[in-house]
Structures are given as C-alpha cells and as structure tokens.
Amino acid sequence: MMNRRTILASGAALAAGAVLPKAASAATPAETPAGAAYSNRRQSEARARALTAKPLAPGLPNRDYMPVVAPNTGTLPFQIVDGVKVFHMVAMEFWNEFAPGLKALVWGYNGMLHPVLEAVEGERVRIYVTNRLPEPTTVHWHGLYVDNGMDGLSGVTQTPIKPGETYKYEFNLVEPGTKMYHSHYDEMTQIALGMTGMFIIHPRTPRYRVDRDFAIMLHEWDIVPGTYRPNPLQMTDFNVFTMNGKSFPSTHPLVARTGQRVRIRLGNLGPMDHHPIHLHNYSFQVVASDGGDYPPSAWQPETTVLVPVGSTRVVEFDATNPGDWAMHCHMTHHTMTQMGHHFGNMIGVKPGNLGEKMRQLLPRYMTMGEDGMGTPMNMPTLPNTAAMEGGKGPYGFINMGGMFTILKVRDGITSYEDVGWYKPLAPPGTVSQLAVPAQMKHDGVNPQNIPPPIPGPSSPATTPM
Amino acid sequence: MLMLAEKTRRAFYRAVGDAQIVALGENIEKGQSAALTLARKLRQAGNTPPLAYDQDLSLYEHVRLQVAMDEAAFLEDRQRLFTLMGLWGAQGHARLPHRLPLPQHDISLAGLESRAVSQNLRLEAANKRLAAFAAVVKVSGLAGILPGASIGVNYVRDPDVRGTLGPAISVPLPIFNQGQPAAAMAISEYRAAYRHYQAVAIEVRAQVRERWVALHALAREVIFYQKIMLPLRRRIVDETQASYNGMFDSGFLLVESKIDEIKTARRFVISLERYWRARAKLQNTVGGHLSDQRPPQAPIETSHSTQEKTP
Ligand SMILES: [Cu+2]
C-alpha cells in the first residue's frame, strides 16, 4: 500500500533516474530504482560538481552572514587574496584558565581553545597550518566534502606536518553546515590536550534567519589536582568538563532579548563521553547536525539533546520567557570540577567522637561530607585546583560547576554585555520562597505529617560489631 | 669492671630507646583506632560492607599486638638495666631520660686508634708483661747483645705506628757464650711476650676500625632518618591533608599518612638506639672517652609533629 511518503519518495526516484547517465542505469537496472528512492542523489552529485566548480565570491560577515557568538573563545581572522579566503592556523601549546584557581598547559590553535572557523557556502578557503608543537600534526575537516588529499588524515591522505613546518589546505566549501575540525595525528594525545574546533559554513541563501547564533564546543579533560597538564592517557575518569574551554563559573552566559529566535550549535570532539545538554524551561527543536540541516518535518522537540562524540547538534527556540535559565550537561559528574572519586561515601555518617580522635594526631582534621556535598569547604587544599562547584549567585551559593552555563533572557535590552542577575527583575510572587504557616494550614498542609518510615533490613547500625 | 660498665651503658640506651618506641607505638595505635572509628561509622551509616570494617579491625589489632610486644621488651630491658645498676623498681625509673640524644660530631678514626693503643686495658696488660721480660733481659746482662730489646717497649708504645709493629726484633745469638740456656730462656720469653703484645695490638686496632665503621654507618642512618625521611614524611602528611581538604582523598589515606610518619619516627629511634649501643662497644674497645667533647644531653624531637601551621 502506498502512503503519501512513499509516493513522494518514488517521485524523487524518478527524478533522480532522469539525470543518471544512460550507462549507469543500464549497468544496474535492478538496484537503481530502490536505492535512489531513499538517496539524496541529486544533492550528492551537486556536491561533487561543486568540489571543482569555480568558487563563488567570498562571503563577508554582517553582509552575507551574521557571525556566530562563541562565548569564551573567538573566531579566527581571515584575509581575502585573489578571491580566496585565507586563514592561518598555528598549532601550539599555551596556558588555559579552566576556572578560577585552575590553569593548565593545553594544545590548541592560535593561543585559543576551540576557535571557530567561519565561512560561507560556495567560497574557496586556503588554510595554512603551522606546527609549533613538539610532535607532528595534521588537521582533519570533520564533516566537510573535500578532495581526498585535503582530508588531513596522517599516513592515509597526507604526510604529517612536522614541528616547524607549515602545510597548506585548499578547497571549495561545497555545502553549508555546522562542521568541525580536529587534529588527526596522535589523536588520543592531541584531542585530549584540546585540538578541536567548530567549522561553521553559513548557507549562501539562508532559508530563514535567527536573532542569536551561539557556538559551543564541549570537551572533557583529566587534570589531576595539583598538576598543570591534562593527562591524555585517561580513558574513563575525566574530572574537568568545559564549554569552549571553560568550566562554570568561568563560562560566559548566553544573552538574548525576550522574543528573539535563538540558535545554539553544540559540538563534541571530547575524548570519550557523549553529553546530554539540557536547557531549562524551553522546549527547543533539534534542527541540524554536522551531517546537515534536518528537513523541518524531522525537527524534534526536546529539552535535552545528546551530543555524541564526533557530532554537532543545532537547536533553536523562541526565547519568550525572560529569566536566568541554566544550560548544562545532565550527567551529574559533568557539572563538577575536579571532583575526587576517592573521598569515600560519607553521607549519613554520624561523626560523634571521630573528629576528636582524628585531631589527636591531625589537628587540622575536619569531618566533611556527612550531610551532603553542596556546601563549599573553603579549606586550604592542593595548589592549582578549582572549587568543585560554581560560585556566588543571587540566592546564595550555586553548587553547579563544569559543563554549565546560563542563558539570560531579558526584556528590551539593547546590549548583550553583562546583564546581571534576573533576581531584581522577577515580578513579585513569582519566586519560590518560605511557605507561610497560615496558608499551609488553609491548604491543609501539615509539615509534621510525614509518611511512616518503611522498616529497612536488619541495619548495619544494629549489627553487633 | 669496664665490661660491666659497657653492658650497663648498652642496657641504658636500650631501655631509653624502648620507652620512646613504646610511646610512638601508642601514637600508631591512636591513629589506627581513629581509622577504625571512621570505618565503624561508615559501616553504621550503611556505606561500607563488613569486609572493609574487618580489614581496618585487623590492622588495629595488629598494631595493638605490636605495642604490647614493645611494652614487654621495654619492661624486660629496663629490668636488666636496673639489675646491672644494682637498683630496683621505681627507684631507678625516674632517672631514665625521655629521649636518646642525637649523634653530634664525627669521631676521627686516626685519633681513636692512638687512644686505643694508650688506653686499652688488654693492651696495657700485654705491655706490662713485655716490660717485665725486657727488665729480666736487661738484668741478666744480655742487653748488650739485644740492642733492639732495650728500646722495644718505648717503640711499640708509639701511637703513630701502623700495620706491623716496627721491624721484627732479630736477636743476635752469641755462639760461644757460657750462660747459653738461661739467656736463651729469657730471650725466648721476651720474644713470646713481644709477640703477644703485637697480636693484642693488632686485634685492638682491627676491632677499633671495625666498630668505628659500624658506628659510622649507624650515624649516617640516624642522620638520614632525621634530615631526610622524617621531614619528607611530615610533608606527605601536609600534602595528604591538603588533598583531603579538597575532598580528593579519604580520611583513611590521611590517617595512614600520619601513621607512616610515626612508623618512620619509630625506625629512627631504633637506629638511634643501635647507634648508642655501638658507641658503647667502641668506647669499651678504645678504653675511655672517644673524644675530648662530652656527648650532648639535650633532648631531641622524635615524636610526630604537633606544631601545625594555621591556614
Ligand atoms: Cu556530559
């Protein structure tokens, strides 16, 4: 039985078949109709043609595209030479401050972590890559349609760029999208140390425009407290989680005016983990990946989008509700910075004489963690360590860190600079606060009424020891 | 009498060292007891399995046994000391100092050998014997034909002589002399006494050297613990405390680092005690003081550091 969808698909198949060279159709008579039915063959062939076509004129920011905002990092500069957009990337080591108190030596480009390459569909780019690292490197253009020799895979498509050498990559940008780039030599080391970024190719003619366009690369690191360099050998126990190289509270907020259409491009080229990124309050639509734009019929409303390693996800929504709205990875350990996993589970421990006994030998001993870990300790600890969790908020301490930032939506703002906290703007009666006993009584709520406890198993506390 | 003095001295050092070891052991027990309290509270909260608690319990019981053994050794050694001193029980108890002093200055081997040659009692006895036979040889009028013999005594007393004690005395034997048997007897006895003296001197010097080397090695061991291991252990405790403060490491690791520091102090005291006992032995061989300087009496710090920097 033929529904609307399959009718459309066979229509596309007929159209695709029409442009196929005769020899090809003749050679594969059995496969062509079925394969073509679900392929985007015309698009594929257009891509192939665009690879060698005469490039279009270089696109300019604010004329041909609205530049993205990449909080905490930057966009690489270019110059136009004989109709080609020329970039110069320098692979190098430098210090990065992840959060207050934590600096480490990382590897990246032009002294930045995850700088954005921004260009326009149809133009030609020439990208020089100078290697200032102690070992060879290459740059792979993740998701870009290029000549095989421009793919940047060391040993397969090119010789590696030795320390001190400069290589040239040059290609037409055949299709738009939220793509990425990363080192493809000794990936385990170079990616772990930070050599990744977003490559945004704006469409020549956008289907529609947004008001705010943010670009955020996610990453994870293993920086042992007291050390000054991420450990590339780590496979599972990462302890620093960043958005554009920063952990909260160092992540810049995303600012928008009430009513604006907001796009957030999320990319993940971290070593091992996928990140479910959640935005408070808003339901957004997932509209694209590094594979390209999803057709609007495939847009999916979500509140959390999983950004797998080696992928980008683009989400869009209308910022209709003003406020300070968190956006963060929903893996709880990914919103902690340098959480030690060897402290021991102290929850529910009744300290009693423990502190006293310990202080006989260790006068500075304090019991910690028995009521939870939401309060900062502020005790002198190891050098070069960041507080596990956030910092000062309008309502007290913010116990979130790591892969966490805030979307700030404000009525009628004219500048996207620091807009402060939403607290003074919150209309009366719209903030959760201590309940009034009279109203509780009126509503029939008695705080003394708690469900009877469920008896546990023979508890360890009652077991003789 | 000198042997008894040496034995007493050694017993004294052992008893003082034992007391320090017991005190340090009690601190280790305190640490292990604090770790056990932490383990018990974790288990009572339902956060650890019985195995974890039992492992800490076994560490604690092991330490308690060690402390009991240390105490028994202390009581036994103190009793031996009191017996040697001719004292009993509580009378002598108050006289024991709390700490063994540190080795303060190097003792030169060259000075020691000469002191030993002039002070060693066995050597003194052998020397007296030799002098007596030399006198017989002189009286019997044989001195004329024994030119070496007349100077023999003074010669071997020279403290700077190393190795074999001078040229072997070759006594020219008269072929036509009348009193041959008597003379031969005197000469032979003199030679025997001389050889005996020579042998004792060689043995004394060898023993001085051997005991000096042993003492020197122990002094280095003591200094190694004092100057390198103990400060390092204290630093590790500070670093572990900082790591604990940041919730990077557990309370168990913290208290373990403290216990390791105290264990190092315990090994330091053991070395120090062995040093003083070795020194007493050397002193016995030398037959008197090892140097012009008196050993220091100031107490030294060997327990765990309680002076903590306030953050
Ligand atoms: Cu995550």
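The shown structure was predicted, so the numbers you read here are calculated from the model rather than taken from an experiment.

The rules behind each value
- Residues numbered from 1 in each chain as written.
- Chains lettered and ligands numbered in written order.
- Predicted model: local features only at pLDDT ≥ 70, side-chain atom pairs only at ≥ 80, totals over all residues.
- Heavy atoms only, no water.
- Donors = N, O, S within 2.8 Å, 3.2 Å for Na, K, Ca; no water.
- Buried < 20%, exposed > 50% of the residue type's maximum accessible area, 1.4 Å probe, protein only.
- Core = buried A, V, L, I, M, F, W, Y, C linked by side-chain atoms within 4.5 Å.
- Helix = DSSP H or I, 4+ residues; strand = E, 2+ residues; numbered from the N terminus.
- Contact = heavy atoms within 4.5 Å.
- Buried area = accessible area lost by both parts, 1.4 Å probe.
- Salt bridge = Lys/Arg side-chain N within 4 Å of Asp/Glu carboxyl O.
- Pairing = 2+ DSSP bridges.
- Axes fitted to C-alpha atoms, helices over the stretch in contact; angles between N-to-C directions.
- pLDDT = per-residue confidence, 0-100.
- Arc of directions from axis to C-beta.
- Polar contact = N/O pair within 3.5 Å; in protein donor to acceptor, adjacent residues only side chain to side chain.

**Q** I tried to follow the coordination of the copper ion on my own but got confused; where do I start?
**A** By definition of the ideal shapes, four donors in a tetrahedron about a metal sit 109.5 degrees apart, and six donors in an octahedron sit 90 or 180 degrees apart. Residues and elements named next belong to chain A. Those donors, His275 (ND1), Cys329 (SG) and His334 (ND1), are the protein atoms that reach the copper ion, and they lie 2.0 to 2.1 Å from it. Of note, the copper ion draws all its donor residues from one chain, in the sequence arrangement H-x53-C-x4-H. A single burial state applies to Cys329 and to His334, both of which are buried.

**Q** How should the nonpolar core be read in this particular structure?
**A** In globular proteins that are soluble, nonpolar side chains generally tend to be buried together. Met358 and Leu362 of chain A together with Leu112, Phe268 and Leu282 of chain B are the most contacted members of the largest nonpolar core, which has 75 residues in total. Broken down by element, the residue count for this core peaks at 19 residues, all from helix H7 (residues 180–245) of chain B. In this view, Leu112 of chain B contacts Ile107, Val208, Trp212, Leu282, Val286 and Leu290 of chain B; residues no more than four positions away in its chain are not counted. The next biggest cluster of nonpolar side chains, apart from the first, holds 27 residues, and it includes Ala256, Ile277, Val307 and Ala319 of chain A.

**Q** Mind showing me how you'd approach the interface of chain B and chain A here?
**A** Often, the extent of an interface is quoted as the loss of accessible area upon association of its parts. Residue-level contacts link 39 residues of chain B with 39 residues of chain A. Carbon and sulfur atoms supply 67% of the area buried between chain B and chain A, which totals about 3,500 Å² over both sides. Between chain B and chain A we count 1 salt bridge in total. At the level of secondary structure, the elements contributing two or more residues to the side of chain B that touches chain A comprise helix H1 (2–44), H7 and helix H8 (251–286) of chain B. In terms of residues, the side of chain B that touches chain A owes the most to one element, H1 of chain B, which gives 12 residues.

**Q** Would you mind showing me how to read the sheet that holds strand S20 (residues 323–329) of chain A here?
**A** Consider a sheet: its strands pair through backbone hydrogen bonds, and that pairing is either parallel or antiparallel. Residue and element names in this part refer to chain A. A sheet is described by the order of its strands in space; here 5 strands give the open sequence S12-S23-S20-S14-S18, paired in mixed fashion. Whereas interior strands pair on both sides, the edge strands pair on one side only; in this sheet they are strand S12 (254–257) and strand S18 (304–307). Sheet twist, expressed as the mean angle between neighbouring strand axes with direction ignored, is 20 degrees. Summarising the sheet, S12 and strand S23 (residues 404–410) pair through 4 bridges and their orientation is parallel.

**Q** Any chance you could explain the confidence of the model for chain B here in plain terms?
**A** Segments scoring low in pLDDT should not have their predicted coordinates read at a detailed level. Residue and element names in this part refer to chain B. Of the residues in chain B, 75% have a pLDDT of 70 or more, and the chain-wide mean is 79. Confidence scores differ between elements of chain B, with helix H6 (residues 147–156) showing the lowest mean pLDDT of 37 and H8 the highest of 95. Scored below 50 in pLDDT, residues 145–177 makes 48 contacts in the model with residues more than four places away or belonging to other chains. Low pLDDT (under 50) marks residues 293–311, which in the prediction has 42 contacts with non-local residues, meaning those over four places away or in another chain. Interface predicted TM-score (ipTM) for the complex: 0.83; the corresponding pTM is 0.83.

**Q** Would you mind showing me how to read the sheet that holds strand S9 (residues 196–202) of chain A here?
**A** Residue and element names in this part refer to chain A. Pairing is mixed across the open sheet formed by 4 strands, whose spatial order is S4-S9-S8-S6. Bordering the open sheet on either side are strand S4 (117–120) and strand S6 (139–142), each of which pairs with just one other strand. Ignoring which end each strand starts from, the neighbouring axes of this sheet average 25 degrees apart. Here S4 pairs with S9 via 4 bridges, running parallel. Note that in S9 the partner of Glu118 across the bridge is Ile200.

**Q** For this particular structure, what's the right way to read the pattern of salt bridges?
**A** When charged atoms on two side chains of opposite charge get close, those side chains can pair. Residues and elements named next belong to chain A. The tally for this structure, following the rule as stated, stands at 31 salt bridges over all chains. Put simply, Lys162 and Glu165 hold a salt bridge, and the shortest N to O gap is 3.6 Å. On the basis of relative accessible area, Lys162 is assigned to the partly exposed category, the value being 48%.

**Q** It is not clear to me how unusual backbone geometry should be interpreted in this structure. Could you clarify?
**A** Glycine aside, residues mostly have negative phi angles, and peptide bonds mostly take the trans form. All names here are of chain A. Of the consecutive residues Phe248 and Pro249, the connecting peptide bond is found in the cis state with omega at 15 degrees. Checked against the element boundaries, Pro249 lands in the loop between strand S11 (240–243) and S12. Positive phi outside glycine occurs at Asp186, with the angle close to 45 degrees. Here Asp186 is to be found in the loop between strand S8 (177–183) and helix H5 (187–192). Relative accessible area serves as the criterion here: at 31%, Asp186 is assigned to the partly exposed category. With a phi close to 55 degrees, Asn384 is a non-glycine residue in the positive phi region. Within the secondary structure layout, Asn384 lies in the loop between helix H6 (354–359) and strand S21 (391–393).

**Q** Sorry, what's going on with the pairing of S8 of chain A here?
**A** Residues in a regular strand project their side chains so that they alternate between the two faces of the sheet. All names here are of chain A. With 7 of 7 residues buried, S8 lies mostly within the body of the structure. Of the strand pairs in this sheet, S6 and S8 are connected by 4 bridges, and their pairing is antiparallel. Along S8, the bridge assignment pairs His142 with Met180. Where S8 and S9 come together, 6 bridges link them in antiparallel fashion. Residue Lys179 lies in a different strand from S9, and its bridge partner there is Phe199.

**Q** What exactly am I supposed to notice about helix H4 (residues 109–119) of chain B here?
**A** The periodicity of an α-helix, 3.6 residues per turn, causes residues three or four positions apart to be oriented the same way. All names here are of chain B. Among the residues of H4, those classed as buried are Leu112, Glu113, Ala116 and Val117. End-on view of H4: buried residues confined to an arc of 135 degrees, all on one side of the axis. Between the side-chain oxygen of the N-cap and the backbone nitrogen of Gly111 there are 3.2 Å, and the N-cap of H4 in question is Ser108.

**Q** Just to check I follow, could you spell out the pairing of strand S2 (residues 84–99) of chain A for this structure?
**A** Residues and elements named next belong to chain A. In this sheet, S2 lies alongside strand S1 (residues 79–81) in antiparallel orientation, the contact comprising 3 bridges. Looking at S2, one finds that Gln79 is bridged to Val86. Count of turn residues in the S1/S2 antiparallel hairpin: 2 residues, of which Asp82 carries a positive phi of about 50 degrees. In the sheet, S2 pairs with strand S5 (residues 124–131) via 7 bridges, with the strands oriented parallel. Note that in S5 the partner of Met89 across the bridge is Val129. By the bridge criterion, 8 bridges tie S2 to strand S3 (residues 102–109) in an arrangement that is antiparallel. The partner of Phe94 across the bridge, within S3, is Val106. The turn linking S2 back onto S3 is made up of 2 residues, and Gly101 within it adopts a positive phi angle of 95 degrees.

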